[in-house]
Amino acid sequence: MRLSRVYFRGFGRWVDQAFSLKNGINLIEAPNEAGKSTLIDGLFALLYGAKKENKKQQKKMDWYEDYLPWQGSAYGGEVDFFIGEKEYRLIRSLTWKKDIEQLIDVKTGRDLTMDFPLDKRKDRQFIYGLTGFSRNLFIQTTYFSSRLLADDQELVEKLRELMGEKTWVNPVLNRLEKEINQIGIKTVGSKEYAQAVQKRDQLQQEMVQKQRVYEKQQQARKQLADLEYQQKTLDASKKEITREKRKCLTKKEAAQKRISILRELSYLKNDWKQGEEIRKNLTSMREKREKLVPPVLLSEEEAEEVRALLQRCHQLSEEAKEIIIGIEETNQTIHQLKSEKESFLELDIESIVLLRNQLERVEQMESELHIPHQKVDVDEIKRIQMDGQMLRSLERQKEEAERKRERLEQEKCLIQERKEAFMEALDSSASRFLRLPILLGVFLTGCFLFLFLLKPWSLVGGLLLVGCLLVAFRVIRGMRAQKTKQTPNNIDHLQQQLEEIIKDIQAVQIEKETIREKEEAIFRHWNVDSAASLGVMATEKAADLKQWEQIQSEVAEIQNRALPFMDRLRDFDLFRWKVEIKTVEQEAKEAQEQLYVLSIRLEHLKKHKDQLDEDWKRLEREMNRWRETLTEDVEVWEDWIQRSRSVYRLDEKIEELVHQSNEWEQKRQNEEWDKRQNDLQNELNVLESLLKEEDLALDPETLEETYANRLKELSAQIRYFESKQYELEGRINRLKGELNQSGDHFLGNVKTMLQEARNRVEELEWEREVLQATKEGIQEAAQHVQDNIAPLLHPYTSRCIREVTKGRYGELKVDPSQGFSLRVFVPETGESKPVEQLSKGTMDQMFFALRLALIRFFSDHGSIRLPLILDDSLIHFDESRLQESINLLGQMAQEHQVILCTCQDRERRILEAEGISYTDVLFQSVPPKEHAIKG
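The rules behind each value
Residues numbered from 1 in each chain as written. Predicted model: local features only at pLDDT ≥ 70, side-chain atom pairs only at ≥ 80, totals over all residues. Heavy atoms only, no water. Helix = DSSP H or I, 4+ residues; strand = E, 2+ residues; numbered from the N terminus. Buried < 20%, exposed > 50% of the residue type's maximum accessible area, 1.4 Å probe, protein only. Contact = heavy atoms within 4.5 Å. Areas by Shrake-Rupley, 256 points an atom, 1.4 Å probe, with all protein chains shown as cover. Pairing = 2+ DSSP bridges. Axes fitted to C-alpha atoms, helices over the stretch in contact; angles between N-to-C directions. Right-handed = clockwise from strand over helix to strand, strands pointing away. Parallel < 35°, antiparallel > 145°, perpendicular 65-115°, else oblique. Left-handed = near helix turned anticlockwise from the far one by under 90°. Nonpolar A, V, L, I, M, F, W, Y, C, P; charged D, E, K, R; others polar. Lys, Arg positive; Asp, Glu negative; His and termini not counted. Salt bridge = Lys/Arg side-chain N within 4 Å of Asp/Glu carboxyl O. Polar contact = N/O pair within 3.5 Å; in protein donor to acceptor, adjacent residues only side chain to side chain. Core = buried A, V, L, I, M, F, W, Y, C linked by side-chain atoms within 4.5 Å. pLDDT = per-residue confidence, 0-100. Phe/Tyr/Trp six-rings, centres within 6.5 Å; stacked < 30°, edge-to-face > 60°. UniProt positions renumbered as here; feature names shortened; annotations may be inferred.

1. Some details on the overall build of the protein chain
Across its full length, the protein chain holds 23 helices and 13 strands. Going through the 935 residues of the protein chain one by one, you find that 36% of them count as buried. Considering only contacts within the protein chain whose residues lie at least 6 apart along the sequence, 74% involve residues at least 24 apart. By element, 51% of the accessible surface of the protein chain is carried by carbon and sulfur atoms, the whole surface being about 57,100 Å².

2. Things to note about unusual backbone geometry
The backbone of E33 sits at a positive phi, close to 65°, despite the residue not being glycine. Within the element layout of this structure, E33 appears in the loop between β3 (25–29) and α1 (36–48). Of note, D872 is a non-glycine position whose phi angle comes to about 50°, a positive value. Relative to the elements of secondary structure, D872 occurs in the loop between β11 (868–871) and α22 (879–892).

3. Structural notes on the sheet that holds strand β1 (residues 2–10)
The sheet built from five strands is open, its strands ordered β2-β1-β4-β5-β6 with antiparallel pairing. Of all the strands in the sheet, the pair left with one neighbour each is β2 (17–20) and β6 (100–105). Within the sheet, the average angular offset between the axes of one strand and its neighbour, ignoring direction, is 10°. The sheet contacts of α1 involve β1, β2, β4 (76–83) and β5 (86–93), and relative to β1 the element is tilted by about 95°.

4. Considerations on the pairing of β11
Alternating positions in β11 separate into two faces, L868 and L870 on one and I869 and D871 on the other, with burial throughout. Sheet topology note: the strand β7 (residues 143–145)/β11 ladder contains three bridges and is parallel. Within the sheet, the bridge partner assigned to Y143 lies in β11 and is I869. Pairing of β11 with strand β12 (residues 898–902) involves four bridges; the strand directions are parallel. Bridging across to β12, L870 finds its partner in L900. Read from β11 through α22 to β12, the crossover connection turns out right-handed.

5. Observations concerning the packing of helix α8 (residues 300–340) against helix α15 (residues 574–629)
Running from N to C, α8 and α15 point in directions that differ by 155°, and their axes come no closer than 8 Å. One element, α8, and the other, α15, form an angle in the roughly antiparallel class. Judged by the twist between their axes, the crossing of α8 over α15 is left-handed. Among the residues making up the contact of α8 with α15, the classes are represented as 21 nonpolar, seven polar and 11 charged.

6. Examining the side chain of D871
Mapped onto the fold, D871 is located in strand β11. Buried and without a salt bridge, D871 has K36 as its closest oppositely charged side chain, separated by 5.5 Å. At 2.8 Å, the side chain of D871 forms a polar contact with the side chain of S37.

7. Thoughts on the nonpolar core
Counting residues in hydrophobic clusters, the biggest one holds 73 residues, and the most contacted among them are V79, F81, L852, L868, L870, I886 and L889. Tallying contributions element by element places α1 first for this core, with eight residues. Beyond its immediate stretch of four places on either side in the chain, I886 contacts L874, L900, E907, I910, L911 and I916. L310, C313, M365 and L598 belong to the second largest nonpolar core, which has 44 residues in total.

8. Quick word on the confidence of the model for the protein chain
Per-residue pLDDT for the protein chain averages 77, and the proportion of residues at 70 or more is 80%. Here residues 161–168 is modelled with pLDDT under 50, and outside its nearest four sequence neighbours on either side it reaches 23 contacts, counting other chains as well. Between residues 925–935, whose pLDDT stays under 50, and residues either more than four places distant or in other chains, the model counts 24 contacts.

9. What to know about the sheet that holds β12
Spatial strand order, β7-β11-β12-β3-β13: five strands in an open sheet with parallel pairing. Strands at the two margins of the open sheet, each flanked by one partner only, are β7 and β13 (918–920). Across the sheet, the axes of successive neighbouring strands diverge by a mean angle of 20°, strand direction being ignored. Of the strands in this sheet, β7 and β11 are in contact with helix α21 (residues 840–861), which crosses β7 at around 170°.

10. Here's the deal with the packing of aromatic side chains
Counting across every chain of the model gives 15 aromatic pairs. Site record: aromatic cluster; members linked through ring pairs are F8, F11, W14, F19, W63, Y64, Y67, Y75 and W96.

11. So, the UniProt feature "coiled-coil region" (unreviewed entry) in the protein chain
Per the UniProt record, "coiled-coil region" (unreviewed entry) is found at residues 193–258, 299–347, 384–421, 491–518, 574–629, 654–697 and 747–781. With 100% helix and 0% strand, residues 384–421 has end C-alpha atoms that lie 55 Å from one another. As a span, residues 491–518 carries 100% helix and 0% strand, and end to end its C-alpha atoms are 41 Å apart.

Put into structure tokens, the structure is as follows:
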């Protein structure tokens, strides 16, 4: 089996996404959370659907809600795959309760869906039908992940099933055990065997009861004969009454028919009378018409036209009166409006709007003042400016005093340094004077000894040297004494200069303090904290002064514009003027709009009056035309119209009566009323001959009611006989039923049924023994398969473990006797150990090799080469183990398709280093091929 394409319409993050897969190794390299696991889970979902297996009811897979599409509502997709040489396309919608699945042969385009029947979950199990692998078996065999390699207990359990640990025969054994339990062993309970035993015992008891039933049968047969005789007697009486009922029924029917004939004769008389009334009404209508006809008979159209003309004249007259009244009222309203609001009507709305805008501008300017609603004093600004100049002068004085202080401080430091230098020089001179004699003595002594020891004449030279040195010492001492006398005088002079400088410094400090006090006085006066703040205040005051002058200018202009209604505004107050001017503007607008509306209305009324005058002229022409036709007296026109209409209504009634008269005559002739009356009279005579003379004296209705009552009495007697018959039939049938029932359970029948029950008990006991023997035989066969399939799997596991571990481990044993535990031979010790005692990396290799061996085992013993799907399954392998595993996957890829998902680049580097060909699977959107799902 090889996958070639996976397309997701919607599955988690993958929406409208397709992936192409090739033979060999398909490498999917992407970081964590990129969607690799979603791709694998989506592949399994498309292959097997979203319903849980082995469930009686439809249930969603646990992942169903987690993989709902991030975008859109389409949930599902399609997958293309090869099995052998055939290519299939499986299209599946995963939407719950609306899931659709379709299988297509890609080469021929044939829909193979109906070739796979629905199971109890309403799934067609395409992959199971094509490969024989259920979802769990397919995933556990082909899917490798890091979790499964680290702790693959599920795989071990599956291996036990595959290798014959009775799991594959458990359904058969369970079925046999179920059938044995259904038969049962005990003689009590609801099992089939217990029921058969109970039935046998019950029939034995029934044998005794049948003896008693037989004795009662003879007595029942005697009672049955008596009841049948009574039944025959009742049948004879019933037949006699039935014949009398028929005769009575005949007379009743004759009485009823006589009533209908009498009624029909009455109807004929009424029809004759109706014809006479029609002729009388027709004559009366014609006489009335002759009296109503006017001098000029108007047609319906002419009468309607004249009436409409008269109504139009009346309407125009009323409209003219209303318009004249409206014009007078409108003129009066306009005159009153002009007299009351003349001043508002003369106002220019634009000037008022401009005035209101100026007030808003003044309000805006006042709000921009630094000290709103306070008039600026020019003298105060001048004083602020003078104090600012004073502060600048004091600042310059303070800077000058600071420079003077710094200069004095420098002189003070220089004098102190000179004084300290003189003191140090005096101390060093005294110490040198004390050291000089000592040095000269030592020097002279050394020179003398040297000259005395070397030459005899050197003593004279030494004495001369000593004398010279004494003279030099005397001279130096004199110079030192003179210098020592001068030094105290210099120090006193320096001390005097230092005191004068200190006094000057103190004077400078006093001057600075005086300047600071003057500055603080100015700051306190203006409530500022610095000269810069005072400058800002001066600037703001100047700006406010300029702004205030502009405000005053605007106010003057506003007052000039508001002269027409100053009597209403009075003194200038910004807020009040804004409200009043807005009110004036509103009143002026209302007055002007009212005047405009009244003017438009007046103009419209005048135009309407002119139109009415034109209409009146046209109506006068029409009236003149009808005066010529009718008469000059318009007052009689309405009377003529009414009489003309009455005449036409009479004509309609006359025409209707004529029509009724014709119909009556035609009906009389067609129905042959004369002949029909004679026939009815003859038939009536025949019916009366059937009845008695005393009956004819009665009223027809009363006679019919008499026969009806007699029929009821006869019917009641018949029902009485029938009830008695029914009662006898019930007793007869009950006795026959009891006899038939007792007859079905004669002793011979009971004996037969008892024998059948005994045979059934023996059959169930034999069937139970056969099922038990079959169960034991299947268990023995399963044990035989279990003991012999492990050697078949051994070569595959050993080959894979050698390739994965570079030959370090040669065999991987699957031991059925130890619960199918996995064991290997350790080469260093030669011991056989369970893989659980090895290192985690080695244990991962063992399980990895076991999975590969299973794939090969299935492929060699089946007809399908399964793919390998690895999802970060080699992440815990070191470089060496990973390299061997990749090489083994390269070998497997020659016969199997491999899908390798990883979040690292180690696999790619090893594939390239080993020269193993692979295909990169990129995450990119590819439009799907068109294959519609047949829903």
